[in-house]
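# A structural walkthrough
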Amino acid sequence: MPELPEAEKARLALERLCVGLRIAEVEDGDEWVCRPHRPGEIDAALRGSIVTAAGRHGKFLWLETDNGHELGLHLGMGGSIRASARPSPRGWDRIAIVFDDESRVALHDKRRLSRAHLGAGIDHLGPDALTITPKEFRARVGTGTAPIKARLLDQSALAGVGNLLADEALFDALIDPRQPAGTLEPDQLDQLRSSLRRFMRAAIDPDGGSGRGRFAKARKGGQCPRCGCLLERATVGGRTTYWCPDEQVAPVTR
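In short, a report on the structure.

## Quick notes on the overall build of the chain
- From N to C terminus, the chain includes seven helices and ten strands.
- For 254 residues, the compact-globule estimate of 2.2 N^0.38 gives 18 Å, and the C-alpha radius of gyration of the chain, at 20 Å, lies within 12% of that figure.
- Along the first, second and third principal axes, the C-alpha set of the chain runs to 60 × 35 × 30 Å.
- Looking at the chain as a whole, 48% of its 254 residues are labelled buried.
- Across the chain, the fraction of contacts at a sequence separation of at least 24, relative to all contacts at a separation of at least 6, is 64%.
- With the model as given, the accessible surface of the chain reaches about 12000 Å², and the carbon-plus-sulfur share is 50%.
- Averaging the positions of the 37 positive and the 35 negative side-chain charges in the chain gives two centres separated by 5 Å.

Put into structure tokens, the structure is as follows:
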């Protein structure tokens, strides 16, 4: 599933392909992806306006226009931003913008799990995981009795972290994903934030590869890449979770 790095790459693509251009038409006929809007409603709001900026917060994207309207976008499980002169022959372009220069940019999604709507739609989100300060991170993430893995995935607490990124950062920071968030020490939370940001930045960097570290690659093999022991696997926070039982050990007491 796309996480913050994939969303940021999509934002950069939107910025490169859309900003400064006037919208000639919005192809918004997919009533599921564009819900609750009816076909033609997004087109009517955006047609004739100029795209002025491409924004991102967590996994959510939006385009700003000079008439005050925003087009909110979410990639869902497998959506992507594509420049394509013609619609996808299989109908997988769920919404597309055609500009005055005849260029066309589409939200392409085979599975129809993406979203498009008027307005950025980010009011329910916590701080962005890439820009959150250490103080904010300790206050938003290091609290409560929920497992720290679940806390990382709670988009109202911290926006942008997904399953793979959470496992990778927890492994790097030597934190048991099952440990109650409120029992983590400040230095552990600082290390966790640092690990998250390092992996996200590497994934966004065009020369940084996927940003996935040794742990993501080792999950399928089932062995810890540091000590070689068998990884544990369980459902934490509603998601399949892997960790090293020898190195990611929660303290018995605070």
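Now that the structure is up, let's keep going.
## Structural notes on the side chain of S49
- Position of S49 relative to the elements: it lies in the loop between α2 (41-46) and β2 (51-57).
- Polar side-chain contacts of S49 include one of 2.6 Å to the backbone oxygen of L46.
- Here S49 is in contact with L21, R22, I23, T65, D66 and N67, once residues within four sequence places are set aside.

## Examining the pairing of strand β3 (residues 60-65)
- The buried fraction of β3 amounts to five of the six residues, a majority that puts the element mostly inside the structure.
- Where β2 and β3 come together, six bridges link them in antiparallel fashion. The residue bridging G55 from the neighbouring strand is W62, located in β3.
- Counting the residues in the hairpin turn of β2 and β3 gives two residues, including G58, whose phi is positive at 60°.
- In sequence, β3 turns back onto strand β4 (residues 70-74) through a hairpin of four residues, with G68 there showing a positive phi of about 95°.

## A few points about the packing of aromatic side chains
- For the structure on display, the rule yields one aromatic pair.
- With 4.3 Å between their ring centres and 15° between their planes, F171 and F215 make a pair best called stacked. Pair noted here: F171 is in helix α5 (residues 163-172) and F215 is in helix α7 (residues 214-218), with a separation of 44 residues, a long-range link.
- F215 sits in the buried class, given a relative accessible area of 1%.
- Cation over ring: R226 sits above F171, and NZ or CZ is 3.7 Å from the ring centre.

About the criteria used
Residues numbered from 1 in each chain as written. Predicted model: local features only at pLDDT ≥ 70, side-chain atom pairs only at ≥ 80, totals over all residues. Heavy atoms only, no water. Helix = DSSP H or I, 4+ residues; strand = E, 2+ residues; numbered from the N terminus. Rg over C-alpha atoms; globule rule 2.2 N^0.38 Å. Buried < 20%, exposed > 50% of the residue type's maximum accessible area, 1.4 Å probe, protein only. Contact = heavy atoms within 4.5 Å. Areas by Shrake-Rupley, 256 points an atom, 1.4 Å probe, with all protein chains shown as cover. Lys, Arg positive; Asp, Glu negative; His and termini not counted. Charge placed at Lys NZ, Arg CZ, Asp CG, Glu CD. Polar contact = N/O pair within 3.5 Å; in protein donor to acceptor, adjacent residues only side chain to side chain. Pairing = 2+ DSSP bridges. Phe/Tyr/Trp six-rings, centres within 6.5 Å; stacked < 30°, edge-to-face > 60°. Lys NZ or Arg CZ within 6 Å of the ring centre and 35° of its normal.

Just geometry here; none of it tells us what the structure is for.
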